[in-house]
Amino acid sequence: METLTLSERVLDVIDALEPGDTLEEKVIRLAENELRRRLARYQLADRQFRAKYNMTLEEFEAGEVVRRANYAFDVESDHQDWDLAVDGMRSVERQLQALQSEM
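So, here is what we can say about the structure in this document. Bear in mind that the values here come from a model prediction, so they are computed numbers and not experimental data.

A few points about helix α2 (residues 23-53)
Now for step 1: The first and last C-alpha atoms of α2 sit 45 Å apart over 31 residues, in line with the 45 Å expected at 1.5 Å per residue.
Now for step 2: Of the positions making up α2, those classed as buried are K26, I28, E32, L35, L39, A45, D46, F49 and Y53.
Now for step 3: If you follow the buried residues of α2, they end up packed against α1 (8-17), α3 (57-62) and α5 (73-102).
Now for step 4: Downstream of α2 by one or two residues, N54 has phi in the positive range, about 55°.

What follows is the structure, given as structure tokens:
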């Protein structure tokens, strides 16, 4: 286990954000809240792309939509952003599970 020294200013901010409990529990909750915020952002992007293309990312890729759109910049860009969002959701969900197993 690593030891970390925090300034009073940082501790005051952490106390204001997460009152009560131990410092470790506060930091865990702050990390969990940030992960949930990121997950919500990735989920929103996934929902927007699903609505725009009326399919899942897997269907988008299997249907070779980028190729059929003649590799249009906006479609390729959407594919990259969508892929990042779906990958981000998986990563954040794993991180949340790992964090919750610590509690």
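We are not done yet, so read on.
Quick word on unusual backbone geometry
Now for step 1: Backbone geometry at N54 places phi at a positive 55°, although glycine is not the residue there.
Now for step 2: Tracing the backbone through its elements, the reader meets N54 in the loop between α2 and α3.
Now for step 3: With a phi angle near 55°, Y71 is a residue other than glycine that sits in the positive phi range.
Now for step 4: Note on placement: Y71 falls in the loop between α4 (65-68) and α5.
Now for step 5: Exposure remark for Y71: the relative accessible area of 48% places this residue in the partly exposed category.

Some points on the packing of α1 against α2
Now for step 1: One can describe the packing of α1 onto α2 by two numbers: an axis separation of 10 Å at closest approach and a directional angle of 65°. Relative to α2, α1 is oriented roughly perpendicular. Our pair here, α1 against α2, has a crossing hand that is left-handed. Residue-level inspection shows L11, I14, D15 and L17 of α1 in contact with α2, the latter providing L23, K26 and L30.

Describing the packing of aromatic side chains
Now for step 1: Overall, the coordinates contain 4 aromatic pairs when judged by the stated rule.
Now for step 2: Where F49 meets W82, the ring centres are 5.6 Å apart and the plane angle is 25°; that geometry is what we call stacked. Note that F49 is positioned in helix α2 and W82 in helix α5, a separation of 33 residues in sequence.
Now for step 3: Their ring planes at 70° and their centres at 4.9 Å tell us that Y53 and F60 sit as a pair that is edge-to-face. One exposure class covers both Y53 and F60, and it is buried.
Now for step 4: An aromatic cluster is present here, built from F49, Y53, F60 and W82 joined pairwise through their rings.
Now for step 5: Sitting over the face of the ring of Y42, R41 holds its NZ or CZ atom 5.2 Å from the ring centroid.

Rules behind the numbers
Residues numbered from 1 in each chain as written. Predicted model: local features only at pLDDT ≥ 70, side-chain atom pairs only at ≥ 80, totals over all residues. Heavy atoms only, no water. Helix = DSSP H or I, 4+ residues; strand = E, 2+ residues; numbered from the N terminus. Expected span 1.5 Å × (residues − 1). Buried < 20%, exposed > 50% of the residue type's maximum accessible area, 1.4 Å probe, protein only. Contact = heavy atoms within 4.5 Å. Axes fitted to C-alpha atoms, helices over the stretch in contact; angles between N-to-C directions. Parallel < 35°, antiparallel > 145°, perpendicular 65-115°, else oblique. Left-handed = near helix turned anticlockwise from the far one by under 90°. Phe/Tyr/Trp six-rings, centres within 6.5 Å; stacked < 30°, edge-to-face > 60°. Lys NZ or Arg CZ within 6 Å of the ring centre and 35° of its normal.

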